[in-house]
Amino acid sequence: MENNKTVEDTHTAEEKKTSKWKSLVKKFGIGGIIFFTVKGIITSTLIYFLGKNFWTVISNYFSTLFE
């Protein structure tokens, strides 16, 4: 009996995961998911490269400002 309950619980958990994924696809569509994924990659790349050079840009700005 206990084994049957465990199997049923796993199937329920898998169904919930699938339904969550399906609800996201239904809400945003395939194009929306691709759009948000690409947007996230571009945003992360910009944050990385802008943050990398941030202090250089700021220090150059203030050094030329006070010359």
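- The name given to the protein in an unreviewed UniProt entry is Histidine kinase, with Chryseobacterium shigense as the source organism.

1. Thoughts on the overall build of the protein
Then, number 1: Tallying secondary structure elements over the protein gives two helices and zero strands in all.
Then, number 2: Among the 67 residues that make up the protein, the fraction classed as buried is 1%.
Then, number 3: Summing over all exposed atoms, the protein offers an accessible surface of approximately 6500 Å²; the carbon and sulfur share of this is 67%.

2. Overview of the packing of aromatic side chains
Pairs of aromatic rings are described using the distance from one ring centre to the other and the angle between the two planes.
Then, number 1: Tallied over the entire structure, the rule returns five aromatic pairs.
Then, number 2: Consider the rings of Phe 62 and Phe 66, whose centres lie 6.3 Å apart with planes at 15°: the pair is stacked.
Then, number 3: A relative accessible area of 37% means that Phe 62 is categorised as partly exposed.
Then, number 4: One aromatic cluster is present, built from ring pairs that chain together Phe 28, Phe 35 and Phe 36.

3. What to know about a nonpolar patch on the surface
Then, number 1: Together, Ile 30, Ile 34, Val 38, Ile 42, Leu 46 and Leu 50 make up an exposed nonpolar region whose accessible area comes to about 590 Å².
Then, number 2: Take Leu 46: it is sitting in helix H1 (residues 2–52).

Parameters and conventions
- Residues numbered from 1 in each chain as written.
- Predicted model: local features only at pLDDT ≥ 70, side-chain atom pairs only at ≥ 80, totals over all residues.
- Heavy atoms only, no water.
- Helix = DSSP H or I, 4+ residues; strand = E, 2+ residues; numbered from the N terminus.
- Buried < 20%, exposed > 50% of the residue type's maximum accessible area, 1.4 Å probe, protein only.
- Areas by Shrake-Rupley, 256 points an atom, 1.4 Å probe, with all protein chains shown as cover.
- Phe/Tyr/Trp six-rings, centres within 6.5 Å; stacked < 30°, edge-to-face > 60°.
- Patch = residues over 30% accessible without salt bridge, like charges linked within 9 Å, V, L, I, M, F, W, Y side chains within 5 Å.
- Salt bridge = Lys/Arg side-chain N within 4 Å of Asp/Glu carboxyl O.

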